[in-house]
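The primary structure of each chain is shown beneath.
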Amino acid sequence: MSERAIRLRGHQLAAQKRRSPAQLFALRAEISSGQYGGIAVASFAFVLAAWCALSFSGLVSAYILPTPTAVVGSFFRLLGESLGADMGMSLYRVWMGFLVAAALAIPLGLVIGLSKPVEAFVEPMMGFVRYTPAAAFIPLVMVWLGIGETAKIAIIFIGTFFQMVLVVADVARAVPADLINVSLTLGAKPRQVLGHVLLPATLPGLLDACRVMVGWAWTYLVVAELVAANSGLGFRIMKAQRFLNTSDVFVGILVIGILGLATDLAFRALAARLVPWAAVHRAA
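Presented here is an overview of the structure given in this document. Everything quoted here is computed from the prediction, not taken from an experiment.

## A look at empty space enclosed by the protein
- With the rule as written, the count across this model stands at one cavity of 30 Å³ or more.
- Size it by volume and the largest cavity reaches roughly 60 Å³.
- Lining of the largest cavity is provided by V129, R130, T132, P133, A134, F137, I158, G159, F162, Q163 and Y220.
- Elements represented by at least two residues in the lining of the largest cavity include exactly α6 (116–130) and α8 (149–173).
- Residues belonging to the lining of the largest cavity are distributed by class as follows: seven nonpolar, three polar and one charged.

What follows is the structure in structure tokens.
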């Protein structure tokens, strides 16, 4: 990051701290990281307060909405059983499905975004398949791959790959054509254009696409663990549902949410480190 960009960002942050509450909530107004964090914490505190009010007061049956203390008790009980192993297995399935999807979808999406003939050949089929629910493929996946870990990873792959291809293609299409044409005019070879022009221009969008798509992978976890699973957070939720153990269901949902939020924050931190020019551009 250049010295001028750092000074500009410092002036913007100083101006944000001097804003009135009305200015903070103005359309497209920038806020500091401290203000952002405070508002985010307040949102969680609001949900927790509402949960406590409804559950502890008895307005909602404990069968429908268990108290936070009951959920915490279930968490520690499950932690002493197999919750840690379930978390590890679910993390493995999600990341394997996502990484395989990303390894194939990113190069294919870039090619689609740069080549109209490839776009015409591939994109309509991708658009067709992405509207098919991943759960609809479970019978075929079980026939083709059996009921082992490969089948569960395949369901997560199916749920994310086709979406990611189209998102990455849109990222590649967003790169100005003049940027590529000028590079070629100045004598750059296609490989140099790819490495020195296209990659830096698309990297912020690719990281955003990965951050969104790993969220999709987490949403397909429960679907994937319907395939003859005997471990994992999705399996834990379905087992608790069969025994009408609502507090255990809440534990599974909350753990998935926490792991997903941690993944999202990790991608944000990675983007800030790898592509600082994107943050400066958005703040300008």
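## Quick word on the layout of surface pockets
- In this structure, the second largest pocket encloses a volume near 210 Å³.
- Lining the second largest pocket are 13 residues; nearest its centre among them are V71, V251, L254, V255 and I258.
- Of all the elements in the fold, those that place two or more residues in the lining of the second largest pocket are α3 (33–56), α4 (68–79) and α13 (246–274).
- The leading source of residues in the lining of the second largest pocket is α13, at seven residues.
- Residue classes in the lining of the second largest pocket are distributed as 12 nonpolar, one polar and no charged.

## Some remarks on the nonpolar core
- Residues F98, I155 and F161 are the most contacted members of the largest nonpolar core, which totals 54 residues.
- Top contributing element to this core by residue count: α8, with 15 residues.
- Leave out the neighbours within four places in its chain, and I155 touches A134, F137, I138, V141, V223, A224 and V227.

## Brief notes about the packing of helix α5 (residues 83–114) against α13
- Following both chains from N to C, one finds α5 and α13 inclined at 45°, their axes separated by 12 Å at the closest point. Classed by the angle they form, the pair α5 and α13 counts as oblique. Judged by the sense of rotation from one axis to the other, the crossing of α5 with α13 is right-handed. For the pair formed by α5 and α13, the contact residues are L83, M87, L91, W95 and F98 on the first element and V251, V255, L259, T263 and F267 on the second.
- Within the contact of α5 with α13, the residues separate by chemical class into nine nonpolar, one polar and no charged.

The rules behind each value
Residues numbered from 1 in each chain as written. Predicted model: local features only at pLDDT ≥ 70, side-chain atom pairs only at ≥ 80, totals over all residues. Heavy atoms only, no water. 1 Å grid on protein atoms, 1.4 Å probe; cavity = no way out; pocket = protein on both sides within 12 Å on 5 of 7 lines; lining within 4 Å. Points joined across faces, edges and corners; volume = space filled by probe spheres on them. Helix = DSSP H or I, 4+ residues; strand = E, 2+ residues; numbered from the N terminus. Nonpolar A, V, L, I, M, F, W, Y, C, P; charged D, E, K, R; others polar. Core = buried A, V, L, I, M, F, W, Y, C linked by side-chain atoms within 4.5 Å. Buried < 20%, exposed > 50% of the residue type's maximum accessible area, 1.4 Å probe, protein only. Contact = heavy atoms within 4.5 Å. Axes fitted to C-alpha atoms, helices over the stretch in contact; angles between N-to-C directions. Parallel < 35°, antiparallel > 145°, perpendicular 65-115°, else oblique. Left-handed = near helix turned anticlockwise from the far one by under 90°.

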